[in-house]
Each structure stands twice: as structure tokens, then as C-alpha cells.
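Spelled out from the first residue to the last, the chains are:
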Amino acid sequence: MIDTELVEIIKLCTALDVTAYKTYLGISQAVTDTALKQFWSDMANEEREHAGYWHSALKLAEEGKIPQFFDDPPKIRAELGAIQRKIDGLLASRIDPHNIADTFLLACRMEFFMTHHAFESLLQFGCPDQKNPREFYEEHIHRFIDAMNTFGSSMPALELLGESLQRLWQENKALSEKSSIDELTGVRNRRGFFGVATVIGSLARRNAFPVGVMMADIDHFKKINDTYGHAKGDEVLRNVARVLQQSIRPSDVLGRYGGEEFCIFMSQIDPAAAQGVAEKLRTSVAEHRIDGIGVTISIGVSCGILPTHRDVNESLTEYLERADACLYEAKNTGRNKVVATHVKDNAG
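The text that follows walks through the structure, step by step, so that each part is easy to find.

Reading guide: rules and limits
- Residues numbered from 1 in each chain as written.
- Predicted model: local features only at pLDDT ≥ 70, side-chain atom pairs only at ≥ 80, totals over all residues.
- Heavy atoms only, no water.
- Salt bridge = Lys/Arg side-chain N within 4 Å of Asp/Glu carboxyl O.
- Helix = DSSP H or I, 4+ residues; strand = E, 2+ residues; numbered from the N terminus.
- Pairing = 2+ DSSP bridges.
- Axes fitted to C-alpha atoms, helices over the stretch in contact; angles between N-to-C directions.
- Contact = heavy atoms within 4.5 Å.
- 1 Å grid on protein atoms, 1.4 Å probe; cavity = no way out; pocket = protein on both sides within 12 Å on 5 of 7 lines; lining within 4 Å.
- Points joined across faces, edges and corners; volume = space filled by probe spheres on them.
- Nonpolar A, V, L, I, M, F, W, Y, C, P; charged D, E, K, R; others polar.
- Expected span 1.5 Å × (residues − 1).
- Buried < 20%, exposed > 50% of the residue type's maximum accessible area, 1.4 Å probe, protein only.
- Polar contact = N/O pair within 3.5 Å; in protein donor to acceptor, adjacent residues only side chain to side chain.
- Right-handed = clockwise from strand over helix to strand, strands pointing away.
- Parallel < 35°, antiparallel > 145°, perpendicular 65-115°, else oblique.
- Left-handed = near helix turned anticlockwise from the far one by under 90°.
- Phe/Tyr/Trp six-rings, centres within 6.5 Å; stacked < 30°, edge-to-face > 60°.
- Lys NZ or Arg CZ within 6 Å of the ring centre and 35° of its normal.

## Notes on the pattern of salt bridges
Here's step 1: With the rule as written, the count across this model stands at 13 salt bridges.
Here's step 2: Where glutamate 5 meets arginine 77, a salt bridge forms, and the shortest distance between an N and an O atom there is 3.7 Å. Separated by 72 residues along the polypeptide, glutamate 5 in helix α1 (residues 4–30) and arginine 77 in helix α3 (residues 73–91) bring together distant segments of the chain.
Here's step 3: Note that arginine 282 is salt-bridged to glutamate 279, the shortest N-O span being 3.0 Å.

In C-alpha cells form, the structure reads like this:
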């Protein structure tokens, strides 16, 4: 079912980036300084790429492939609409494109408005097999701030605005992540894992993409804590999370399920490939010693196609339970191994 509120929210995000693209392109065409012209041209091209991401997301939303995840969609839509009107008002003032202070002030206000948490929240659900749009946005903000500091070095007010913009972006990012990121390891907590996996799982279910779910557990973790202390145990958890994150695709979802257990969701992956990824994760952790401590993990893998007649969260839970059963078998048959199962005849 198509969620019209979500469609309208994404349309507003698209319109804001298109407006920024046209504005920066116009400034680039007007200025004569070579360095400034290149900077504004680069900013315009990046905004065009941002808009391309929103167009892709809009297409998925209009096909009913993205579920609504905002708590109060009408409020988000109203806030974004108000931002669009404010930006339209700024553009109506007809600034002088040759005035560095005026152009950066205008752009800073536009970038400021586009730090609205709706952008950050939507970017957490980057489309599979695309460049991570969230990282791209963050790089864009950093480049803009660096340019403000460079071209506005003799203008203290611009430097202050740049610092404020950077702080606001970081604060919004932190607020967006606070409820979904595990503080110790930096990967998603259980809530954050399900939040993203549900969105990608919905796309996989609708398109009948094969998926894989993993449960990974650090072997003999209690012994590590007892032998080396809890501080070293925490370091082991952080390092295992880092190795796992570096060993999966950007479109895969990693979460700390609890304690020393991690979960991974993968879309568009067949059973053989999923088992291969699990073996890669297992060997990568085993090869990575932490201050001389040898660490191994056991992994359970569950693969299949999510049934269309069931709720995605229910299916994900079932797949996690099947992966957990495989993990239990791996633990009971020697540890430091992968056990997988293929869920068949579950499409409906």
C-alpha cells in the first residue's frame, strides 16, 4: 500500500535539493573567480546527485516499497513545507552573486534548513547497491564548511556560521542515532537493526529477492572477561564489531543483538554466497588478534525468500530464530564454525 504522506515528504526533500542545485549553478555561472566558480559548480553537481537519490527513493515510495517509519508524518511534512517557503523567500531577495559574504550566507541558510532531521532519518535507509547517500551528504557538508573557512577567512561572521552549521549537523546526526546505535560498539542496537532491516526487507519481499540473516556469537566470551577483565572484554566487542562492519557490503545491516551476539541482514544474496560471507567473517575475526588475545566467533545463517503473506518483522524474527538455532548447533559442535539453513517453500 502506498503511503501518500511519505511520498509527499520525499517530494519535498527532492524539491529542496533541486532548489539548492539551481541556486548554486546560478552563482557558479555568475562569478568570475576561477576557484569560486569551481567550488559552486561542484556544490551544484553534488546537489544534483542528492536529488537523484531522492528521485530513486520517491520511485520506490510511489510503488509502495518503502514503509512509513516517521512517528508523526503530517508534522514532518508541514515542517519541510515551511522550510521550502522560507528558502523561496530568501531567493526572492535577489542577492548579488559577486558578493562572497552574501552568497555564502544564502547557501549557509539553505544548508542549515536541510539539516532537518527528516533528511538524516531518511538517509539511514540508503538504497542497496548505491553509493552510501548518508556519507555523501556528510562529505558535502564538510566541503561546504571548509570552503566557508577558506573564502571567508577574513570574515569572522562566516567562520562562525560554518562552525554553527557543523555543530548542528553533528547534533542532528547524534539525535537521529541516539535511539538506534549501540554506544559501546558504534553499530546499530537491536531497535536500530530492526528499523533498517524492516525497510530493506520490505523491498526484498516485494521483489522476491533472496535474503540472508546471521547470528554471530563470540566464543568463550565469559572466559575473556574473567581472564582479562571487563575493560578488555569491551575492547574485544568493539574490535569484533569493527571487523564485521568492514567485512560486509554497505547495503548489509549489522547490529549488536545483545551481550556478545551480533546480527546481520543481507538482501539480494543467495544461500551459497551468504554462507561464503559468513565464512569470511569467521576467518577475519580469527585472524585479528587483540593485544595478543585470540578471538573466534560462531555463526548461524538462515536464507530464503520472505513470504508476501506475512508481516516483515515477523518474518525477520523467524529468520533470526532459525539462524540462532544454527548458531546453537555451531556452538555445540566445536565452535569457530558456520552452520547454515535454507528456508524453502515460504513464499506466499
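What follows picks up the thread again.
## Here's the deal with the sheet that holds strand β2 (residues 253–258)
Here's step 1: Spatial ordering of the open sheet is given by β2-β3-β1-β4-β5, a layout of five strands whose pairing is mixed. Edge positions in the open sheet fall to β2 and β5 (338–342), since each of these has one partner strand only. Here the average twist between neighbouring strands, direction ignored, is 20°.
Here's step 2: Where helix α11 (residues 271–287) meets the sheet, it contacts β1 (210–218), β3 (261–267), β4 (297–305) and β5, and its direction lies at approximately 165° from that of β4.

## Details of empty space enclosed by the protein
Here's step 1: A full pass over the atoms with the stated rule returns two cavities of 30 Å³ or more.
Here's step 2: Of the voids in this model, the second largest cavity is the one considered here, and its volume is about 30 Å³.
Here's step 3: Lining the second largest cavity we find Asp17, Glu47, His50, Glu111, Met114, Tyr137, His140 and Ile141.
Here's step 4: By residue class, the composition of the lining of the second largest cavity is three nonpolar, two polar and three charged.

## Structural notes on helix α12 (residues 312–332)
Here's step 1: Between its first and last C-alpha atoms α12 spans 30 Å; for 21 residues at 1.5 Å apiece the expected length is 30 Å, and the two agree.
Here's step 2: Among all positions of α12, only Val312, Ser315, Leu316, Glu318, Tyr319, Leu320, Ala323, Cys326, Leu327, Ala330 and Lys331 are buried.
Here's step 3: In this structure, the buried side of α12 is in contact with α8 (190–207), β1, β2, β3, β4 and β5.
Here's step 4: Two or three places before asparagine 313, at the opening of α12, aspartate 311 has a side-chain oxygen 2.9 Å from that residue's backbone nitrogen.
Here's step 5: Looking at the residues trailing α12, positive phi occurs at glycine 334, about 125°.

## Brief notes about the pairing of β5
Side chains on a regular strand alternate between the two faces of the sheet.
Here's step 1: Of the pairings in the sheet, the one linking β4 to β5 comprises five bridges and is parallel in character. Among the inter-strand pairings, glycine 300 is bridged to a residue of β5, identified as valine 339.
Here's step 2: Note that the unit made of β4, α12 and β5 has a crossover that is left-handed.

## A look at the packing of α1 against helix α2 (residues 34–62)
Here's step 1: The interhelical angle for the contact between α1 and α2, taken along N-to-C directions, is 160°, at an axis separation of 8 Å. Between α1 and α2, the crossing angle belongs to the class labelled roughly antiparallel. In the packing of α1 onto α2, the handedness of the crossing is left-handed.
Here's step 2: Here the contact of α1 with α2 is built from residues that sort into 17 nonpolar, six polar and six charged.

## Looking at the packing of aromatic side chains
Here's step 1: Applying the stated criterion across every chain, the model contains eight aromatic pairs.
Here's step 2: Between tyrosine 24 and tryptophan 40, the ring centres sit 5.4 Å apart and the planes meet at 45°, which makes this aromatic pair tilted. On the criterion of sequence distance, the pair formed by tyrosine 24 in helix α1 and tryptophan 40 in helix α2 is long-range, its members being 16 residues apart.
Here's step 3: Centroid distance phenylalanine 193 to phenylalanine 194: 5.6 Å. Interplanar angle 85°. Geometry classified as edge-to-face.
Here's step 4: On the basis of relative accessibility, which here comes to 1%, the residue phenylalanine 193 falls in the buried class.
Here's step 5: Overall, phenylalanine 194 belongs to the buried group, its relative accessible area being 16%.
Here's step 6: Following the ring pairs from residue to residue traces out a cluster consisting of Tyr24, Phe39, Trp40, Phe104 and Phe144.
Here's step 7: A cation over a ring is seen here: arginine 190 above tyrosine 257, with NZ or CZ 3.9 Å from the ring centre.

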